[in-house]
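These are the residues of each chain, in order.
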Amino acid sequence: MVSLTSLFSEHIKQRISNANEALQALNYRSLILGAGEPFTYFSDDSNAVFKPNPHFAHWCPAKGAHHIVKYETGKKPLLIYYSPDDFWHFHEPLGNPYWADEFEIIEVNSIDKIWSQLGDLSFSVFVGNEIKYAQVHNVKINCELMSSRLNWYRRFKSNYEIHCISEANRIAAAGHNAAKSSFLDGASEYEIHMSYLLAMESVDSELPYTGIVALDKNGAILHYHGREKRRNGKVLLIDSGATFNNYPSDITRTYANKQADSIFQELLKQTETMQLELCSQVKEGLYFPDLHEKCHLKIAEILENIGVLKISGDYNTALQEGMTKVFFPHGLGHMLGIQVHDIGGKQLDIQGNPAPKNPKNIFSSLRFVGPLEKNVVVTVEPGIYFIPILLNQFRENNNYSDKINWNLIEKLIPFGGIRIEDNVLALGNSQRNLTREFLP
Ligand SMILES: [Mn+2]
């Protein structure tokens, strides 16, 4: 049995070592990370579900708003824990969590007291959204060079983080299995979603992102968030995760029942095989856009196999002429960490210079454009969709009726689309598929 306490202890040592390097490089003495304040809707008195500042969450798993971590070079990290006398809202009592020993902890009951307990604030840099307090105390606020460094360090997952992401996959797998059987029993999107939550003993507000539960043609709406009550779909596309100690999983599966067109079923089979092949190529040194390009070539091949494209094996030309992007308009994957879309994937380096844009238009929506390094977690999520808007645009501009079987496409549109997504950890010369350990 792995001990969260010892994993976290190693994790925080890595944070400290990174912070020492960053503070020295940028000439600061202290790093102050605020959990942040909740987002309040415009002209309203209600808040969105609270998500902590990811930089804070990377250091401290404490739930709730306003807490602050201060790390001063050479000292034990200080956590000012906000614990107000508030009978209107629930505030998680501090208790004695597995991470408590790594911090000097002071509990306070007002936000003003948080700042007065922070001690010497000279040469400090604050990263967070509660800048009105930071301004009063005259600290450097959201220094971009510091944020870029913190984003960069977050690319590399500690054993603690890998454990948490793995657990988030284990929890979500229970939901996905339940969702699959609900679908096969003829359940509606709403019922499938409820069975997903029930199997995980979870509620919507605990999910890392709003899940996609799409029957049939709804699968072709990439960020579909509806919950239709109509039953007996033929295809289910479900993109839904779980959270463990703030860390997410991001998993997609597509299932077709016997009522789905046999060509669509064949397409699903070949897409599943391709996805596993792509996952097996993840390792240190792989340039991620290369995998994205391979995916496009493979999609051209699959679409030819099932009769949608008639291109005589000329997959490169199909890709250059935009034929694959019509069916696969999004990126192959993104970095996953304390954020579902971990932000370091678009940086070229620790200074935060942006990765150069690849001139080929198939890369325009790729969220991670660098080489994979050891201990980076990415999603691998190829998809093939029949999206009427894109198909119609392409047909108007190009036609290609000699190369594209539009009649077959019309027949497949009602089944929406396919996406298969796993969370994969890059290792030295191989990978660990954190999703397949729990979900076929
Ligand atoms: Mn994803």
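Structure: see above.
To keep things clear, this report deals only with the structure shown in the data block. (Residues numbered from 1 in each chain as written. Predicted model: local features only at pLDDT ≥ 70, side-chain atom pairs only at ≥ 80, totals over all residues. Heavy atoms only, no water.)

## Quick look at the packing of aromatic side chains
Let me state the cut-off plainly: Stacked, edge-to-face and tilted are the three classes for Phe, Tyr and Trp ring pairs, Trp counted by its six-membered ring, which pair at centre distances within 6.5 Å; planes under 30 degrees apart are stacked, over 60 edge-to-face, the rest tilted. Throughout this description, the term charge over a ring refers to an Arg CZ or Lys NZ atom that lies within 6 Å of the ring centre and within 35 degrees of the ring normal.
For the structure on display, the rule yields 15 aromatic pairs. By way of ring pairs, the aromatic residues Phe8, Tyr98, Trp99, Phe103, Tyr160 and Tyr247 are connected into one cluster. In this structure, arginine 155 packs its charged tip against the face of tryptophan 152, placed 4.0 Å from the ring centre. Residue placement shows lysine 229 over the ring face of tyrosine 190; its charged tip is 5.0 Å from the ring centre.

## Focus: the sheet that holds strand E8 (residues 235–240)
Rules: Note: two strands are recorded as paired if DSSP finds a minimum of 2 bridges between them. Numbering goes from the N terminus for both helices and strands, where a helix is a DSSP run of H or I of at least four residues and a strand is a run of E of at least two. Here an axis means a line fitted to C-alpha atoms, over the contact stretch when the element is a helix, while the angle between two N-to-C directions is reported on a 0 to 180 degree scale. What makes two residues a contact is simply this: any of their non-hydrogen atoms within 4.5 Å.
Sheet architecture is open: three strands sit in the order E7-E8-E11, paired in antiparallel fashion. Looking at strand neighbours, the two that pair on one side only are strand E7 (212–215) and strand E11 (251–256), the edges of this open sheet. Each neighbouring strand pair of the sheet contributes to a mean axis angle of 5°, computed without reference to strand direction. Where E7 and E8 come together, four bridges link them in antiparallel fashion. Each bridged residue has a counterpart across the sheet, and for alanine 214 the counterpart in E8 is leucine 237. Against the sheet, helix H6 (residues 159–184) contacts E7, E8 and E11, and its axis sits at roughly 20° relative to E11. Where helix H8 (residues 262–279) meets the sheet, it contacts E8 and E11, and its direction lies at approximately 150° from that of E11.

## Regarding the coordination of the manganese ion
In plain terms, the rule: Metal-coordinating donors are taken as N, O and S atoms lying within 2.8 Å of the metal, or within 3.2 Å when the metal is Na, K or Ca; because water is left out, some sites can appear incomplete.
Taken together, Asp250 (OD), His334 (NE2), Glu381 (OE) and Glu421 (OE) make up the full set of protein donors to the manganese ion, lying 2.1 to 2.4 Å away. All donor residues of the manganese ion come from one chain, and their arrangement in sequence is D-x83-H-x46-E-x39-E. Taken together, the residues span a long stretch of sequence, with aspartate 250 in the loop between strand E10 (247–248) and E11 and glutamate 381 in the loop between strand E12 (377–380) and strand E13 (383–385) at a distance of 131 residues.

## Observations concerning the environment of alanine 35
Mapped onto the secondary structure, alanine 35 falls in the loop between strand E1 (30–34) and helix H2 (54–59). For the pair alanine 35 and isoleucine 350, spaced 315 residues apart in sequence, the C-alpha to C-alpha distance is 23 Å. Setting aside residues no more than four positions away along its own chain, alanine 35 makes contact with Phe50, Pro52, Asn53, Phe56, Gly64, Ala65, His66 and His67.

## Considering the sheet that holds strand E15 (residues 422–426)
Within the open sheet, the three strands sit side by side as E12-E15-E16. Their pairing is antiparallel. Sheet topology places E12 and strand E16 (431–433) at the edges, where each strand pairs with a single neighbour. The sheet shows a mean angle of 30° between the axes of neighbouring strands, taken without regard to direction. As defined by bridge partners, E12 adjoins E15 across four bridges and the pair is classed as antiparallel. If you follow threonine 379 over to E15, its bridge partner there is asparagine 423.

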